[in-house]
Amino acid sequence: MQLIAGEPSDYLGGDVVVEVDHPAVRALSDELRAAHPDDVDFTRAAFEWVRDRIRHSVDAQDPRITVTAGEVLSAGVGLCYAKSHLLAAVVRAAGVPAGLCYQQLSDGGEPFLHGLVAVYLAGGWHRQDPRGNRAGIDAQFRLGREQLAYPVTEGSGGLDLAEVHVHPSPTVITALRGARDALELCRTGLPATP
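Keep in mind it's a predicted model, so treat the numbers as computed, not measured.

Engineer: Is there a simple way to explain the pattern of salt bridges in this structure?
Structural biologist: If the charged atoms of two oppositely charged side chains come close together, the side chains can form a pair. The final tally for this structure, using the stated rule, is 12 salt bridges. In this structure, the salt-bridge partner of R55 is D62, at a minimum N-O distance of 3.7 Å. The exposure class of R55 is partly exposed, given its relative accessible area of 41%. Given the relative accessible area of 10%, D62 is considered buried. Among the salt bridges present, the one from R187 reaches E184, with a minimum N-O distance of 2.8 Å. Separated by three residues within a single helix, R187 and E184 lie in helix α7 (residues 182–188), roughly one turn from each other. The class for R187 is exposed, based on a relative accessible area of 58%. Members of the salt-bridge network, linked through shared partners, are R55, D62 and R64.

Okay, here's the thing in structure tokens:
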């Protein structure tokens with residue numbers, strides 16, 4: 001799929017959610033960068049760290065709401081959006097452009113957004129899904145051929161949204177900040193559009 005993005009340099013700064021300068025985020029980024037000086041190897045290591053060490057709220061049955069990169073890192077848990085905020089912050093802190101992407105999915109009911117990340121490596125944008133693996137989900141770091149948690153196929157009722165966002169979707173942030181329980185949010189109404 002052809003992603004729609006601005007200049008890669010636009011995707012390096014932080015904000016109040018993608019906390020590039022949060023001390024713990026910066027420390028993790030520095031630690032991973034020291035072990036992986038190559039941009040691709042570093043980004044793969046950051047992706048795998050977030051995918052595997054930050055539990056997905058639903059898989060963990062953990063109701064805590066996390067939004068910012070620092071909150072996610074501290075709690076060790078988050079929904080797909082929150083995990084994406086952390087991954088974008090970690091790789092941006094090391095100078096790798098990263099943006100936020102969304103898919104519109106459906107499990108037979110109302111459509112809902114799923115959050116993931118696009119990284120700029122090897123001259124192009126590549127989507128990566130740090131959601132976390134479990135039975136039936138096998139997201140892997142790939143350049144070129146995607147291996148996402150939820151591949152959109154014909155007849156799946158899903159839609160890949162092409163825009164690579166510098167900042168998180170305001171509707172996602174509003175939904176997260178307005179919720180008291182991540183599991184209840186997933187049951188009663190994740191946002192449907194960015």
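Engineer: What exactly am I supposed to notice about the sheet that holds strand β4 (residues 112–121) here?
Structural biologist: Across a sheet, paired strands are connected by hydrogen bonds in the backbone, their directions being either parallel or antiparallel. Pairing in this open sheet of four strands is antiparallel, and the strands run β5-β4-β3-β6 from one edge to the other. Bordering the open sheet on either side are β5 (124–128) and β6 (159–160), each of which pairs with just one other strand. Here β4 pairs with β5 via five bridges, running antiparallel. Bridge assignment links Y120 to a residue of β5, and that residue is W125. The strands touched by helix α5 (residues 80–93) within the sheet are β3 (98–105) and β4, with β4 carrying the most contacts at an inclination of about 15 degrees.

Reading guide: rules and limits
- Residues numbered from 1 in each chain as written.
- Predicted model: local features only at pLDDT ≥ 70, side-chain atom pairs only at ≥ 80, totals over all residues.
- Heavy atoms only, no water.
- Salt bridge = Lys/Arg side-chain N within 4 Å of Asp/Glu carboxyl O.
- Buried < 20%, exposed > 50% of the residue type's maximum accessible area, 1.4 Å probe, protein only.
- Helix = DSSP H or I, 4+ residues; strand = E, 2+ residues; numbered from the N terminus.
- Pairing = 2+ DSSP bridges.
- Contact = heavy atoms within 4.5 Å.
- Axes fitted to C-alpha atoms, helices over the stretch in contact; angles between N-to-C directions.

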